[in-house]
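Structural description and commentary
For reference, the chains in residue letters:
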Amino acid sequence: MAVMGKTRSVLRLAGRVINEAVSFIIFSILDLLDFLLCFVYKVADFFIEAEWKPCYCSSAKEAITSSGKILVSEQGESKIVCLSSSKLQLEEISDTLYARPSLLSEVSKSTVKELKRLKMEGTMIQSCEKIKKGTVRSTFTVNSTIVEMLQGRIGGQQSHPIPRWSDCDCKSCTSWTSSCKETLFVRADGAKDKAREDVLFIHGFISSSAFWTETLFPNFSRSVKSTYRLFAVDLLGFGRSPKPTDSLYTLREHLDMIERSVLEPYKVKSFHIVAHSLGCILALALAVKHPGSVKSLTLLAPPYFPATKGEQAAQHVLRKVAPRRVWPVISFGASIACWYEHISRTVCLLICKNHRLWEFLAKLITRNRIRTFLLEGFFCHTHNAAWHTLHNIICGAAGKLDGYLDTVRDHLKCDVNVFHGRDDELIPVECSYNMQSRIPRARVKVIENKDHITIVVGRQKAFARDLEEIWRKSSE
C-alpha cells in the first residue's frame, strides 16, 4: 500500500510538471498568435467597415473611448463616465481588460522600461515639487478630449454598424434591432392573473433563458404555475436580447436592463431569485439594490474567489478562473476566453457567426436525438458582449462581492441556498463554502457526480422540487 501511495504521488507530480511545461509552450505560442491577429483584425476592420475599432492590446483609453465612453482615473482605479439622457454616470471597469500580462508583453515592457526610467525620474521630481506647493485631493484626471466626446454623444454620434462584419446577422441574432424597445428578451410563464409571488431566473456566462425554460419550467408543478409568475431573461448581449456594439457590458448596464425589462414593466414588488454561475453576481447585486424585495436567493455554482489582503481582486479571479493551463480542457477554454481578445474573437467568428451550420451538423450527427438549446445559448452572442461581460462582471465585480455578501448577511432576511456540483472543474466547490463562511445562514448542498451544467441539466425534475420547497419555506 505504501508503494502504491508513493507511485500515485510520483505520477501526480509528473503529470503536474508535464501540464505546466506543455502549458508554458502552448500559451507562449498563443501570446504571439494573439499579437499577430491584432494587426489582422485592424486591417480587416478598416477595409470592411472603413475604420478599425481599437483593442485593449494598444491602449485601454483608446479602446474604451472609441465606444463613446470617457475614461477617467480616480485614486488609481479605472472608471468610465457615461452620458445617459442628460445625466452623467460613473461606473467601474475591470483592469483585467487591459492588464493581462503575457510572455510577449512582459518582454516588451522590460525592453522599454529602462528607456523610460530617466524620463520618469524627471517627471517625478516635477510632480513632487507641485505636491509640495499644493494640497492633495481626490480628483478625476481627464484629458482635453472630454468636451469633444461629450458633444459627440449629445449630438447623437453614431455607433459601430449593427451587426459588425464578424458577428452573426441572422434573423434570430438581430431580431432586437427591429424593436423600438431597448429591453431584454423575457420568457414569462406561470400564473397570468392573481399571482401571489414572482421568480426571476438569471442564466450564466454564454448561455440564455433556455437554460431554465427548457429544463425547469416544464417540470414545475401545477400549483406553482398557478401561483407564481416565472421570468427568465436573456442577459444583455446574449440570446435574443440586444447586443449593442458600443456597450461595455458593465454591472450597472446589466442591472439596469433587468430592472427595465422585468421589475418595472411587470410591476414586480417582491420576488425570489434563482441564478447560475455569472448570474449569481448579478443576483447578489440586485438583492443588495432591492433589499426589501428579495424573498429568497438560490445560487448555483457561484464564482466567489475571496482574495487575500493586499491582493487585487480582479486579477486574483482571472487567475483562478483562467489559470493558463491546457488541462483540464474546461480550464483551457476559459483561459482562451479570458486572456486572448483576438483569438476569442476568431472563435466567435468561426462558431457564432456560423452557428446555423453547427446546429445543423449537431442535429445531423446525433440524428436529432438531443435537444440543442444548450448549443443555441452558447452560439447566440457577440464577441464584444462576451469579452466585456466576462471581464467586467466575473473579474471586475470581484472586489464588490465581499460587501454584497456582508449586506445580505446583515441587512437581508431572505433565505440563501447554494447548490454546487461535486465534479465542477470550472468553479470549484470551495467557492460555495467560501460563500457560506461569509453568510453562515446559507445552506450549501453539494450534488455528487454533477458538474457545472449537469447540476441542472439531467436532474431538472429533482431541482424543480428543491426550488418549490425553498419557495414554500420562504413564504411561511
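Check the entry above for the structure.
Below, the structure is looked at part by part. As the structure is a computational prediction, the values presented were derived from the model and not from experiment. (Residues numbered from 1 in each chain as written. Predicted model: local features only at pLDDT ≥ 70, side-chain atom pairs only at ≥ 80, totals over all residues. Heavy atoms only, no water.)

Moving on: the overall build of the protein chain. Regarding its fold elements, the protein chain presents 18 helices and 10 strands. For the protein chain, the proportion of its 476 residues judged to be buried stands at 49%. In the protein chain, the proportion of contacts linking residues at least 24 apart, taken out of those at least 6 apart, comes to 77%. Surface accessibility of the protein chain: about 24,800 Å² in total, with carbon and sulfur atoms responsible for 58%. (Helix = DSSP H or I, 4+ residues; strand = E, 2+ residues; numbered from the N terminus. Buried < 20%, exposed > 50% of the residue type's maximum accessible area, 1.4 Å probe, protein only. Contact = heavy atoms within 4.5 Å. Areas by Shrake-Rupley, 256 points an atom, 1.4 Å probe, with all protein chains shown as cover.)

The next subject is the nonpolar core. Within the largest apolar cluster, 73 residues are counted, with the highest numbers of intra-cluster contacts made by Leu200, Ile202, Leu284 and Leu297. Among residues more than four places away in sequence, those in contact with Ile202 are Trp212, Leu235, Ile258, Ile273, Val274, Ala275, His276, Gly279, Leu282 and Ala283. Grouped together as the second largest cluster of nonpolar side chains are 22 residues, Leu216, Tyr228, Ile447 and Ile470 included. (Core = buried A, V, L, I, M, F, W, Y, C linked by side-chain atoms within 4.5 Å.)

Among the six residues of strand β6 (residues 228–233), six are classified as buried, and the element is accordingly described as predominantly covered. Burial along β6 is two-sided: the residues Tyr228, Leu230 and Ala232 and Arg229, Phe231 and Val233 are all buried. For strand β4 (residues 186–190) and β6, the ladder comprises five bridges, and the chain directions are antiparallel. In the strand pairing of β6, Ala188 is matched with Phe231. Bridge count for strand β5 (residues 197–202) against β6 is six bridges, and the pairing is parallel. Considered in β6, the bridge of Asp198 is made with Arg229. (Pairing = 2+ DSSP bridges.)

To continue, consider empty space enclosed by the protein. Taken as a whole and judged by the stated rule, the model has two cavities of 30 Å³ or more. Considering only enclosed or pocket space, the largest cavity measures out at about 290 Å³ in volume. Residue assignment for the lining of the largest cavity shows that the elements contributing at least two residues are α1 (2–49), α12 (341–351) and α15 (383–395). Counted by class, the lining of the largest cavity contains nine nonpolar, five polar and seven charged residues. Its volume calculated, the second largest cavity comes out at about 100 Å³. Taken together, 13 residues make up the lining of the second largest cavity; nearest its centre are Asp167, Cys168, Cys173, Lys243 and Thr382. For the lining of the second largest cavity, a count of residues per class yields seven nonpolar, four polar and two charged. (1 Å grid on protein atoms, 1.4 Å probe; cavity = no way out; pocket = protein on both sides within 12 Å on 5 of 7 lines; lining within 4 Å. Points joined across faces, edges and corners; volume = space filled by probe spheres on them. Nonpolar A, V, L, I, M, F, W, Y, C, P; charged D, E, K, R; others polar.)

All quantities given are derived from atomic positions and should not be read as evidence of function.
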